[in-house]
Amino acid sequence: MSSSSTSSGEGERESVVKKKKEGLGWMEWVRGWFYLAYEMLFQRIMASHLHNPMHLPPLNDITCIVTGSTSGIGLQIARQLAESGAHVVMAVRNPKAANELIQKWQEEWSGMGLPLNIEVMELNLLSLDSVAKFAEAWNARSGPLHVLINNAGIFSIGALALEDSHNQNPLAESLLPNHKNSQRMVMKKHMQVNHLAPALLSILLLPSLIRGSPSRIINVNSIMHHVGFVDTEDMNVVSGKRKYTSLVGYSSSKLAEVMFSSVLHKRLPAEAGISVLCVSPGIVQTNVARDLPKIVQAAYHLIPYFILSPQEGSRSALFAATDPQIPEYCDMLKADEWPVCAFISQDCRPTNPSEEAHNVETSYKVWEKTLEMIGLSSDAVERLVEGEEVKCRYGVHQQ
């Protein structure tokens, strides 16, 4: 073979390698859906060794923030942590509903021990201003935070996405015609609730998490990330290259969360004492199911045995929040330079996230794009770890 044909062949191979990936390959797509089907059919068997409710150690002197804790998995997480002695902060959009829950829990707990140590703070993940103000208010207490559980998420936003339309992302285009603009706002808010807002909250709360070291950031993820794909040039799926659906928005945002968490896990030095991990609750009957496609909802009703209850779905997050070996496991992954952060499955065992989640190059692009979208500098984490003050585009002290 001549040298010219060899170099030509190498050039062709390089062009193939450099070609931008625009979605999951068909094998990845089939593998992802096979994994989802397998999880649905066998998750109860795989988790049969777990108690329900989960047995937790005494958690006195432990402070936990739980987002989205007025229903579903978050409600179960908050209640069980509080009943084990933790100081629980319910970070919620609806403080009235949270206070009513607390009153009910206190009445049911009466006579079984000391009153539950729970409080409510308002947090609206549809508003990055609200996220920044929440973090500022909490950090101002100068107290420790031991566990942050980013539980809140949504499958289909619908009209809910429009309630905070004044808080436009500065990267968004100028106002479009009403219908088209509303559609794009829904897409942006989908990624915001499931990924951007939890990412901003996690970073802004680093000073309190460092004070609570050893501490943990736990992101309640989903096995749906196995069918997700993140285009870092179109994270909100607004370019039209991919058709936007709730399934696309949800799975993409959950994959982005895993990728961002993996980079945060690497960027935090071991001496900070903060473990970052994602957990899968399994396939659970929660409010999210209301927004699933009708055919999937029908499957939920036809095979209820295979679907976990919110209490069962809370076990992986509770395990991640309380198991004493979690910090050691996260440190081992960091030392081995593993490409992804710790991921705990619904049976409370370590597992691997999707193949796409292992894409280190894309993960760093997601990291950079996320910091840009949430209004933080590229060195925000390092500066916060060093004890410096960091300005955020959102919140009270906007630039």
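Residues numbered from 1 in each chain as written. Predicted model: local features only at pLDDT ≥ 70, side-chain atom pairs only at ≥ 80, totals over all residues. Heavy atoms only, no water.

Just give me the short version of the overall build of the protein, but keep the residues and values in it.
When you go through the protein residue by residue, the secondary structure sums to 14 helices and seven strands. Residues classed as buried in the protein amount to 52% of the 399 residues present. Counting contacts in the protein only where the partners sit at least 6 residues apart, residues at least 24 apart contribute 77% of the total. About 18400 Å² of surface is accessible on the protein, with carbon and sulfur atoms providing 55% of the total. (Helix = DSSP H or I, 4+ residues; strand = E, 2+ residues; numbered from the N terminus. Buried < 20%, exposed > 50% of the residue type's maximum accessible area, 1.4 Å probe, protein only. Contact = heavy atoms within 4.5 Å. Areas by Shrake-Rupley, 256 points an atom, 1.4 Å probe, with all protein chains shown as cover.)

Help me get a handle on empty space enclosed by the protein, residues and values and all.
Counted under the stated rule, the structure contains one cavity of 30 Å³ or more. What the largest cavity holds in volume is close to 70 Å³. Looking at the largest cavity, the residues that line it are H195, P198, A199, S202, I217, N219, E257, F260, S261, L264 and V276. When contributions to the lining of the largest cavity are tallied by element, the ones reaching two or more residues are α6 (178-204), β5 (215-220) and α8 (246-267). Residue composition of the lining of the largest cavity, by class: six nonpolar, four polar and one charged. (1 Å grid on protein atoms, 1.4 Å probe; cavity = no way out; pocket = protein on both sides within 12 Å on 5 of 7 lines; lining within 4 Å. Points joined across faces, edges and corners; volume = space filled by probe spheres on them. Nonpolar A, V, L, I, M, F, W, Y, C, P; charged D, E, K, R; others polar.)

I'd like a rundown of helix α4 (residues 95-109), residues and numbers included.
Counted at 1.5 Å a residue, the expected span for α4 with its 15 residues is 21 Å, and the 21 Å between its end C-alpha atoms agrees. Taken together, the buried positions of α4 are A98, L101, I102, W105 and W109. The buried residues of α4 all sit within an arc of 100° when viewed along its axis, so they share a single face. Of the residues in α4, the exposed ones pointing more than 90 degrees away from the buried face are K96, Q103 and E107. The inward-facing, buried residues of α4 abut α3 (72-83), β2 (87-92) and β3 (118-122). Looking one or two places after α4, you find G111, whose phi comes out positive at around 90°. (Expected span 1.5 Å × (residues − 1). Arc of directions from axis to C-beta.)

Tell me about a nonpolar patch on the surface, residues and numbers included.
A contiguous nonpolar patch, built from F34, Y38, L41, F42, I45 and Y305 and spanning about 640 Å² of accessible area, is present on the exposed surface. Position of Y305 among the secondary structure elements: in the loop between α9 (294-302) and α10 (310-313). (Patch = residues over 30% accessible without salt bridge, like charges linked within 9 Å, V, L, I, M, F, W, Y side chains within 5 Å. Salt bridge = Lys/Arg side-chain N within 4 Å of Asp/Glu carboxyl O.)

Explain the confidence of the model for the protein to me, using residue names and the numbers behind them.
When pLDDT is averaged along the protein, the result is 86; 81% of the residues meet or exceed 70. Every residue in residues 158-179 is under pLDDT 50, and counting partners more than four places away or in other chains gives 38 contacts. (pLDDT = per-residue confidence, 0-100.)

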